[in-house]
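Examining the three-dimensional arrangement
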Amino acid sequence: MNNTKNCLLPRIVVCLDVDNGRVVKGTNFKQLRDMGDPVELAMAYEQQGADELVFLDISASNEKRPTALKLVTDIANHLSIPFTVGGGLKKLDDVKAFLDAGADKVALNTTAVLQPEIIDQTAKAYGSQCVVVAIDVNEEKDAHRLYINGGRKLIDRDFFSWTDEVASRGAGEILLTAMHKDGTGSGFDTALTKRISESVPVQVIASGGAKNEQHYLDAFNNGADACLAAGMFHSGDYTVGQVKQYLIDNGLSVRI
Amino acid sequence: MKRILIIDTQAGNLFSLNAAIGRLGFETCILQQPNDEKFDGIVIPGQGRFGTVMSSIKSRGWPDYLKAAFEQSIPMLGICVGMQVFFEASDEDPDATGLSWFKGKVEALDFPKKPMVGWASLISKVWNESIVYFVNSYAIRESELSIAQTVYGEKFCAAIQSGSLTGVQFHPEKSGEVGSQMIKAALTETASTKIALTKIIGK
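Report follows, based on the coordinates. Since we're looking at a predicted model, the values are computed, not measured.

**Examining the interface of chain A and chain B**
At the junction of the two partners, chain A supplies 41 residues and chain B supplies 30 residues. In this assembly, chain A packs against chain B so that about 2700 Å² is buried in total across both faces, 56% of it on carbon and sulfur atoms. Considering only the surface of chain A that becomes buried against chain B, A:Cys7, A:Leu8 and A:Ser80 emerge as the three largest contributors, covering 21% of it. Inspection of the chain A/chain B interface yields two salt bridges. For A:Asp225, the salt bridge identified is with B:Lys113, shortest N-O distance 2.7 Å.

See below:
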């Protein structure tokens, strides 16, 4: 083997939306008895070859917190691949509660923008590897705009300086969601992914716009360290394994 | 049923590790300090930073316990920082001293991005090109005990073996079925098998 060739492989991350202990935004796996059960679905994705899972909105409200924490422990007891939880983590105690319950990482989005010191605090207490900063960006008239609150609120903050800042504060990874690509099926924003991946010294997970296997190849060839998708896997149109086979057929090394 | 001791260094949750060992059909026991029970295997988990984990190990009487277990050839598995503590020191916490069973220092390596996060293939005669999950900013660059390497920016030591002790820089409890089999092997293979294996691969 060539000693200078990096052994680190591109990752495929599958995202599940969870509310009150159930997976929402339905999936279409015929082999599952209960498609709303996060643990069963997570294990199915692990079997398909997903490298990591992200559970979003798992913790959105305080009333649902005990259910969410129990679910996280349940997931940790069943999965043998890493998983991230995010959505609604508002303070350091929330972050601690989910990491102590068994999550490998937390994803911070709105809270990171409003209280950036939570990035430093989490990294100091648990290590940078636990901190994924999720960034929602929308391309508007040649400018990249930063959004919070699930993409509903524009923030007057320079997007590019924010990506630099989260890395310097101790984020371990950036989950970069291109809102202008989300739901279009036109592929990841490869130009933006490349720019961030090359300028910021942390792993970049591309998100938004994937519809087929070619989109993954394009993103990985443009500097994405990982790609995240939900719809194209939940719909049953593709398995993770099919996308990985395509990547292998096109010269990439991935985990199978 | 084999009973496995997981040392609780109080540096993070042990759900995944405990579950991974449980799925192998082993009974687990999590202890913060040594007791008189007999165990068939010992795991030093991979969470926390070098200095914190070392002070937890030292203050609770684990160094002598681990030495005695090693002399009795009880299978042991050190994961990530749980492997690093067997070396002399670490760039992560320069004031802390390791158990110093083995020569070498844990170093801040020249990774393209830090921390290294993700799945990487091994270069190993024991595990071939198995793909496992790494999460680290620091590692042992080289060791005479090395049984696996990987490359991220530079080549470094991904696993060591000495007698009944296996140490891995990666996280087998997060590495799917491959990792599960590595945990099983580390906690069941006898020391004599391992020594023979070490000799065969000539490290």
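**Focus on the sheet that holds strand 11 (residues 154-162) of chain B**
All names here are of chain B. In spatial order, the strands read 2-1-3-4-12-11-10; together these seven strands make up an open sheet with mixed pairing. Each having just a single partner strand, strand 2 (27-31) and strand 10 (146-152) make up the two edges of the open sheet. Here the strands of the sheet are splayed against their neighbours by 20° on average, with no regard to which way each runs. Summarising the sheet, strand 1 (residues 3-7) and strand 3 (residues 41-44) pair through three bridges and their orientation is parallel. Across the sheet, residue Ile4 finds its bridge partner in strand 3, namely Gly41.

**Describing the pattern of salt bridges**
Residue and element names in this part refer to chain A. Counted by the stated rule, this structure contains 21 salt bridges over all chains. With its nearest N and O atoms 3.0 Å apart, the salt bridge here joins Asp51 to Arg255. Separated by 204 residues along the polypeptide, Asp51 in the loop between helix 1 (38-48) and strand 3 (52-56) and Arg255 in the segment after helix 10 (240-249) bring together distant segments of the chain. Residue Asp51 shares its accessibility class with Arg255, and that shared class is buried. With a shortest N-O distance of 2.9 Å, Arg169 and Asp120 are connected by a salt bridge. Taken together, the residues Arg169 in helix 6 (residues 159-169) and Asp120 in helix 5 (residues 117-126) connect sequence positions 49 residues apart. Of the residues examined, Asp120 reaches a relative accessible area of 30% and is grouped as partly exposed. Here the salt bridges do not stand alone but share partners, grouping Arg11, Glu52, Lys105 and Glu173 into one network.

**Topic: the packing of aromatic side chains**
In the structure shown here, the tally under the stated rule is 16 aromatic pairs over all chains. Ring geometry for B:Trp101 and B:Phe102: centres 6.2 Å apart, planes at 85°, overall edge-to-face. For the pair B:Trp101 and B:Phe102, one class covers both residues: buried. Through a chain of ring-to-ring contacts, the aromatic side chains of B:Phe111, B:Trp127, B:Phe134, B:Tyr152, B:Phe156 and B:Phe170 assemble into a single cluster. Cation over ring: A:Arg195 sits above A:Phe160, and NZ or CZ is 3.6 Å from the ring centre. Across from the ring centre of B:Trp119, 3.7 Å away, lies the NZ or CZ of A:Arg255, which sits over that ring.

**Some points on the sheet that holds strand 6 (residues 105-108) of chain B**
Residues and elements named next belong to chain B. Ordered by their spatial adjacency, three strands build an open sheet running 5-6-9, and the pairing between neighbours is mixed. Every other strand in the sheet has two partners, leaving strand 5 (89-90) and strand 9 (138-140) as the edge strands with one partner each. Where strand 5 lies against strand 6, two bridges are found, and the strand directions are parallel. What sits directly across from Ser90, in strand 6, is Val106.

**Considering the packing of helix 1 of chain A against helix 2 (residues 65-78) of chain A**
Residues and elements named next belong to chain A. Axis separation between helix 1 and helix 2 bottoms out at 10 Å; the angle between their running directions is 30°. Every pair of crossing elements has a handedness; the one defined by helix 1 and helix 2 is right-handed. Between helix 1 and helix 2, the contacting residues are Pro38, Val39, Met43 and Glu46 on the first element and Leu71, Asp74, Ile75 and His78 on the second. In the contact of helix 1 with helix 2, the residues fall into five nonpolar, one polar and two charged.

What counts and how
Residues numbered from 1 in each chain as written. Chains lettered and ligands numbered in written order. Predicted model: local features only at pLDDT ≥ 70, side-chain atom pairs only at ≥ 80, totals over all residues. Heavy atoms only, no water. Contact = heavy atoms within 4.5 Å. Buried area = accessible area lost by both parts, 1.4 Å probe. Salt bridge = Lys/Arg side-chain N within 4 Å of Asp/Glu carboxyl O. Pairing = 2+ DSSP bridges. Helix = DSSP H or I, 4+ residues; strand = E, 2+ residues; numbered from the N terminus. Axes fitted to C-alpha atoms, helices over the stretch in contact; angles between N-to-C directions. Buried < 20%, exposed > 50% of the residue type's maximum accessible area, 1.4 Å probe, protein only. Phe/Tyr/Trp six-rings, centres within 6.5 Å; stacked < 30°, edge-to-face > 60°. Lys NZ or Arg CZ within 6 Å of the ring centre and 35° of its normal. Left-handed = near helix turned anticlockwise from the far one by under 90°. Nonpolar A, V, L, I, M, F, W, Y, C, P; charged D, E, K, R; others polar.

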